[in-house]
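# Secondary and tertiary structure notes
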Amino acid sequence: MERIVSPNEPKLSTAGQESLPPLSIGLWRHRNVLDLDDFLSDEIALVFEIADGMVEVLARDVKKVPTLRGRTIAIMFYEPSTRTRASFELAAKYLGADTVSLDSAKSSVAKGESLIDSLRTLQALEVNTIIIRHPCSGAPYIAAQHLQTSVINAGDGCHAHPSQGLLDLYTIKRKFGDLKGRKVVIIGDIMHSRVARSNIWGTRSTGLHVVLCAPKTFIPQGMPEMLEKCGLDHVSIEHNLDHALEGADVVMPLRLQKERQQSGFISSIREYVRLYQVNGERLKKAGPDVIVMHPGPMNEGVEISHDVAYCNSSLIEQQVTNGVAIRMALLYLVSGVRN
Amino acid sequence: MISKSILIKNARVIDPSQNIDATMDILIEDGLIKSSGTNLKSSSEVTIQADGLVACPGFIDLHCHLREPGFEEKETIASGAAAAIRGGYTTICCMPNTNPPLDNAATIDFVRKTAASRSPLITVLPVGCITKGRAGKELTDMSEMADAGCIGFSDDGSPVSNSQLMLLAMRCAAGLEMPIIDHCEDLDLSHGGHLHDGWVAARLGIKGIPSAAEESMVARDIALAEMTGAVLHLTHISTRGSVEMIRSARARGVKVSADATPHHLTLTEERIIASPMQPDAPLIYDTNAKVNPPLRTALDIEALVQAINDGTITSVATDHAPHASEDKLCEFELAAFGISGFETAFAALMTLVHSGKIKLATLISLLTCGPAEVLQQEYGITGTLKPGVKADITLLDVNREWTLEKANMLSQGKNSPFIGQAFKGMVTGTIHAGEIAYIDKSVRTSK
């Protein structure tokens, strides 16, 4: 891929602190990161290349680099989250940016301010990047539509979670290198999972085959048609977990939200465990190099057994570390793009 | 502009109620249609040169929301009436989901009197609630509301879930020989849904509203109408399955009729994520295309068009549902349902005529004699140009090209998925009871 150094590329300071090696943002064209549906393979490769540098920074004793010094990043969470929020906040801080957190419970949202008004206010406060998590699908798209500031989607409703999709793919890529013909099985509440949706888009044209494995109650009615309309022919749907796991290279159970039982999506936790829990016995059907991943937080003993969560094949903690690197890479890349 | 007499010269007169499609003149005197024919001689006060225009009976809308009383930030009776007149309507039936709801004689009377005093150039006929407060618990005093001037009963967006109560409501309405105007929705199936339960819902990660939510209630209410003999009008029908049930019920003589809306006849679920005006734009969540029942699929549109052509669906209703900008300028899942539809109904439907899917005369029947059949004649004979009836006439230029711009809309509700869309076909005049309510500046008139 041809490398063009953007004129807006953040200036890398070398004075005082130990800095990053010079990085080029190349063909990067995204002001916003809303989902992975508009990411080309080359762009994902670029994120990963920069994330490699960030992994190196994270391994240092003193992690802070001055790359984004002087830039302000707003972290706007309309939904409770500890992991993703901490991951983004640390990513920003390791890069030297200043962060401001807006918490829906404490902010003007509680006073009835609309999303657009809150966003416009942040823009007027001259923040450089807004990271938004919101319970409504599409909320970050409204932000992108109405603002000139960069917007990163940290999870919107049941729609998308692009940084999670990237960190999952990055983790898989680091393990296997060549992805051609590898099989990824995503298990559980596909219907309500933004992680599953972003993974579907992110794995497009990687050579990976993705199997969505869930009870019929957790597959949206329009899912098969959506896969067809969107040209996602690397994805298939399977309701039987034992069949799905045969020869799997990546096994990714999703968190089962316990309130789904009250809404009737599952008859009981016991029934779900019987049919869909990833446990040691079931994992034997998978391929020899299988890795286990989980977007967290886990319900041990529900969608995943304790022994599997902590087995040698489990890369769940690695995902968390990779998540910071990926988010550092994304913050770095969008900060080089202005309109 | 009160004129004792108006002569419309050389119009292509299309009156499906009389199977007329011919170039002729129409003479209006004292608010009534005096005569029609070729080369009418008259010393009329006003002459409208209608060469190249279609003249047809005034449009009738069986389903709209005027929002007053209670939601005047969305629309008032006056602003809604003005938009309806611009859209070619001379009679509109407004739904009772106001605040307070139209569930008693006093509120029915309020709407009629407000409309008569502020918007005298259109007939506004309120629909009364089936249940008190639209709460689905207790029936309203239907006969008293009928005497006050309501033309039918509906709980519209809050359909009666209790089947026993619906059975009793149909018996009461049957006794009054008045229609139930039925919004069919199983609230358990649609709960939490925001768009059609199809591929777009799966794509966006938003809960869908399945076709079965409508169809299960269509099935129930056809069964109840068949049992009670009630007059049942199913409004804003949106699915292929509903159409099939209505067709077979009509064939066996059940007193059931149905309408579809211009948006359900021309747009699909895909309009939410892709605007024809900006095909290459990134993913959008267009709240202006959020409506209940939701926009469905191309197969459903095909079934609705076929149902129009075989007489299963006999009218078009706008379901004009104006909203304030803040109701739509927000997260898709928080946005209000509804489309502001008066001003685009005819033009949007003309796309079906220009593409050869339905005939112009069929379209006009859907807007005139079709809905007139559902209305009782107590408030005047409508939907026809027969001599002696109230002179409600709409003038159309079927080839006029125009683009809908937000700034030009008369409705307070600018929530239209058609904003920016180029149309071919425009309403150029509306005459209500012999008075010119609206006339486009392109139409030549002389005094």
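Residues numbered from 1 in each chain as written. Chains lettered and ligands numbered in written order. Predicted model: local features only at pLDDT ≥ 70, side-chain atom pairs only at ≥ 80, totals over all residues. Heavy atoms only, no water.

## Quick word on the overall build of chain B
The condition is simple: Under the scheme used here, helices are H or I runs from DSSP no shorter than 4 residues and strands are E runs no shorter than 2 residues, and both carry numbers assigned from the N terminus. Throughout, radius of gyration means the C-alpha value; the globule benchmark is 2.2 Å times the number of residues raised to the power 0.38. Burial classes: relative accessible area under 20% of the type maximum marks a residue as buried, over 50% as exposed, and values in between as partly exposed (1.4 Å probe, protein chains only). Whether two residues touch is decided by their heavy atoms; if any such pair falls within 4.5 Å, the residues are in contact. All accessible areas in this document rest on Shrake-Rupley with a 1.4 Å probe, and a residue is counted as covered only by the protein chains that are shown. Counted as positive: Lys and Arg. Counted as negative: Asp and Glu, with His and the chain ends omitted from the count. In plain terms, the charge of a residue is placed at NZ if it is Lys, CZ if Arg, CG if Asp and CD if Glu.
Within chain B one finds 14 helices and 18 strands. Here the C-alpha atoms of chain B give a radius of gyration of 21 Å, agreeing with the 22 Å that 2.2 N^0.38 yields for 447 residues. Its C-alpha atoms give chain B principal-axis dimensions of roughly 65 × 55 × 40 Å. Looking at chain B as a whole, 63% of its 447 residues are labelled buried. Considering only contacts in chain B between residues 6 or more positions apart, those separated by 24 or more positions represent 76%. About 15,900 Å² of surface is accessible on chain B, with carbon and sulfur atoms providing 51% of the total. If you average the places of the 38 positive and of the 53 negative side-chain charges in chain B, the two averages end up 4 Å apart.

## Re the domain arrangement of chain A
Residue and element names in this part refer to chain A. Filter applied, for reference: Domain ranges listed in this record stem from an automatic or a database domain assignment. What counts as buried area is the accessible surface, traced by a 1.4 Å probe, that two parts surrender upon association, with contributions from both included. Salt bridges are defined as contacts in which a side-chain nitrogen from Lys or Arg sits within 4 Å of a carboxyl oxygen from Asp or Glu. Whenever two N or O atoms come within 3.5 Å, that pair is a polar contact, provided that in protein one can donate a hydrogen and the other can accept it, and provided that, for residues adjacent in sequence, both atoms are side-chain atoms.
By the assigned domains, chain A splits into domain 1 (41–161 + 322–335) and domain 2 (163–316). Here domain 1 and domain 2 have C-alpha centroids that lie 26 Å from each other. In this complex, domain 1 contributes 24 residues to the contact, which on the side of domain 2 involves 22 residues. A per-residue breakdown of the area domain 1 buries against domain 2 is headed by Phe-48, Cys-158 and His-161, which together make up 35% of the total. In this assembly, domain 1 and domain 2 are joined by two salt bridges. Across the pair Arg-194 and Glu-79 runs a salt bridge, and its minimum N-O distance is 2.8 Å. At the junction of domain 1 and domain 2, the tally comes to eleven residue pairs in polar contact (both at pLDDT 80 or more).

## Here's the deal with empty space enclosed by the protein
Residues and elements named next belong to chain B. To be explicit about the condition: In this analysis the probe radius is 1.4 Å and the grid spacing 1 Å, with only protein atoms considered; a cavity is a set of points the probe fits into but cannot get out of, a pocket is an open set with protein on both sides within 12 Å along at least five of seven lines, and lining residues have an atom within 4 Å of a point. Grid points are joined across faces, edges and corners, and a volume is the space filled by probe spheres set on the points. Each residue is assigned to one class: nonpolar for Ala, Val, Leu, Ile, Met, Phe, Trp, Tyr, Cys and Pro, charged for Asp, Glu, Lys and Arg, and polar for all the others, Gly among them.
Under the defined criterion, the tally for this structure stands at seven cavities of 30 Å³ or more. Quantified by volume, the largest cavity comes out at close to 60 Å³. Contributing to the lining of the largest cavity are His-183, Cys-184, Glu-185, Ile-209, Ala-213, Glu-214, His-236, Asn-292, Pro-293 and Arg-296. In the lining of the largest cavity, the residues fall into four nonpolar, three polar and three charged.

## A look at the nonpolar core
Short version of the rule: The term nonpolar core refers to a set of buried residues drawn from Ala, Val, Leu, Ile, Met, Phe, Trp, Tyr and Cys, joined through side-chain atoms within 4.5 Å.
In terms of nonpolar packing, the biggest core is built from 133 residues, with Trp-28 and Val-47 of chain A touching the most fellow members. The element contributing the most residues to this core is helix H13 (residues 316–335) of chain A, with eleven residues. Counting residues in each nonpolar core, the second largest holds 79 residues, with Met-142, Ala-148, Leu-360 and Leu-366 of chain B among its members.

## Considering the packing of aromatic side chains
Residues and elements named next belong to chain B. What counts here: Aromatic contacts are taken between Phe, Tyr and Trp rings whose centres are within 6.5 Å, Trp giving its six-membered ring; a plane angle under 30 degrees counts as stacked, one over 60 as edge-to-face, and the others as tilted.
Evaluation of the coordinates by the stated rule reveals eleven aromatic pairs over all chains. Residues Trp-402 and Phe-423 carry aromatic rings whose centres are separated by 5.2 Å and whose planes lie at 40° to one another, so their mutual orientation is tilted. Within this pair, whereas Trp-402 is found in strand E15 (residues 393–403), its partner Phe-423 is found in strand E16 (residues 422–432), the two being separated by 21 residues in sequence. Overall, Phe-423 belongs to the buried group, its relative accessible area being 3%.

## A few points about the sheet that holds strand E12 (residues 232–234) of chain B
Residue and element names in this part refer to chain B. Short version of the rule: Between any two strands, at least two bridges found by DSSP are needed for them to pair.
In space, the four strands of this open sheet follow the order E9-E12-E13-E14, with parallel pairing throughout. Both edges of this open sheet fall to strand E9 (180–182) and strand E14 (315–316), since each of them pairs with a single strand only. Relative to E12, E9 runs parallel, the two being bridged by three bridges. Bridging from a neighbouring strand, Asp-182 pairs with Leu-234 of E12.

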